[in-house]
Amino acid sequence: MTTDTLPTHPPEGAAADWTVPQNWDRYTPEEHGVWDTLFARQAALLPGRASDAYLRGLDVLKLSKPGIPDFAELSDRLMGLTGWQVVAVPGLVPDDVFFDHMANRRFVAGSFIRRADQLDYLQEPDVFHDVFGHVPMLADPVFADYLEAYGKGGQRAVGLDALKYLARLYWYTVEFGLVAEPEGLRIYGAGIVSSFSESRFALEDASPNRIAFDLERVMRTEYRIDDFQQNYFVIPSFEELLSATTQIDFAPLYRTVRRQSDLAPGEVLPDDVVVTRGTQDYARGKALA
Ligand code: HBI
Ligand code: FE
């Protein structure tokens, strides 16, 4: 995801912090219907696939209520649970704005929804990705702390010119992370739980590698934004993700990572702890096509 081409000033109608009114009253019945269709599709897939923390969030936040959620109502519930809020933005916002909101426990969400004829097509994160994908995890106290720490780390990374490395951590955890639960691997990344096809691919397809999470290794790993991931990284628990990323000083880590080569999306290293070794058939098929 690149935000390099964004203007530095918020667009007309947005506040200085880039937030806009959600204007919940202005959604059409068709738009609410798109949410309901997407919700029904994912809700049927996720039990037994999504992490326990995610499913609990979906439940306690009452996201099954029909229609696009009202951010004010959602924020009230979330505030009572973990102190987070959901604020509407017009689309992608500049990195510093994104991190400032996150460091202050405000999750920025697109308020528009994809069209009914584009259920699986997404260029920019819409309200289904942002709210259905991300917000349930914010009801988990440990993950809520992780995301705040990420926002604060983002603010420091900007000064250290290390955003490229930190963005990879976001990608392979918040967007495309897997967690090892007692009953088996589960998805928690928002990019997976909000995707009809990737929620099965990430867990059940023979193609991708599933590799034990290692912070330095993840920070070296390039990612693809236009297709299924070739490698997924598996955390042992959210507590361990939080401690692995808050008990260390990132500045020396960035220096170490900068000295090493970047790793290709589907690469496996001799030192990797491989949970399931993939065939990479899917990616190979795409390369030949
Ligand atoms: N803006 N609305 C929005 N959503 C994002 O996920 C987002 C963003 N701006 C910047 C950004 N993400 C990146 O900096 C992170 O992925 C690192
Ligand atoms: Fe996202």
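Residues numbered from 1 in each chain as written. Chains lettered and ligands numbered in written order. Predicted model: local features only at pLDDT ≥ 70, side-chain atom pairs only at ≥ 80, totals over all residues. Heavy atoms only, no water.

The next subject is the overall build of the protein chain. Looking only at helices and strands, the protein chain has 13 helices and seven strands in total. Relative to a compact globule of 289 residues, whose C-alpha radius of gyration would be 19 Å, the protein chain shows 18 Å and is just as compact. With the C-alpha coordinates of the protein chain rotated into their principal frame, the extents come out at 55 × 40 × 40 Å. Looking at the protein chain as a whole, 52% of its 289 residues are labelled buried. Look at the contacts in the protein chain between residues 6 or more apart in sequence, and 69% of them connect residues 24 or more apart. (Helix = DSSP H or I, 4+ residues; strand = E, 2+ residues; numbered from the N terminus. Rg over C-alpha atoms; globule rule 2.2 N^0.38 Å. Buried < 20%, exposed > 50% of the residue type's maximum accessible area, 1.4 Å probe, protein only. Contact = heavy atoms within 4.5 Å.)

Now for the coordination of the iron ion (ligand 2). Coordination sphere of the iron ion (ligand 2), protein contribution only: His129 (NE2), His134 (NE2), Glu175 (OE) and Glu175 (OE), at 1.9 to 2.8 Å. A residue is classified by how much of its surface remains accessible, and His134, at 5% relative accessible area, is buried. (Donors = N, O, S within 2.8 Å, 3.2 Å for Na, K, Ca; no water.)

A separate point is the packing of aromatic side chains. Think of a pair of aromatic rings as described by two things: how far the centres are apart, and how the planes are tilted against each other in angle. Scanning the entire structure with this criterion turns up 22 aromatic pairs. Seen in terms of ring centroids, Tyr150 and Tyr170 are 4.9 Å apart; in terms of plane orientation they differ by 45°. Their pairing is tilted. Here Tyr150 is found in helix α6 (residues 141–160), whereas its partner Tyr170 is found in helix α7 (residues 163–175), with 20 residues between them in sequence. You can call Tyr150 buried: its relative accessible area is 5%. Clustering of aromatic rings is evident, with ring pairs tying together Trp35, Phe39, Tyr54, Phe128 and Phe132. (Phe/Tyr/Trp six-rings, centres within 6.5 Å; stacked < 30°, edge-to-face > 60°.)

Across four bridges, strand β5 (residues 209–212) lies against strand β6 (residues 231–235) in parallel orientation. Bridging from a neighbouring strand, Ile211 pairs with Phe233 of β6. (Pairing = 2+ DSSP bridges.)

With that out of the way, let us pick up the sheet that holds β5. What the five strands build is an open sheet, ordered β4-β3-β6-β5-β7; its pairing is mixed. At either end of the open sheet lies a strand with only one pairing partner, and these are β4 (184–187) and β7 (274–276). With direction set aside, neighbouring strand axes in the sheet form an average angle of 35°. Bridge count for strand β3 (residues 178–181) against β4 is four bridges, and the pairing is antiparallel. Following the sheet pairing, Val179 is matched in β4 by Arg186. (Axes fitted to C-alpha atoms, helices over the stretch in contact; angles between N-to-C directions.)

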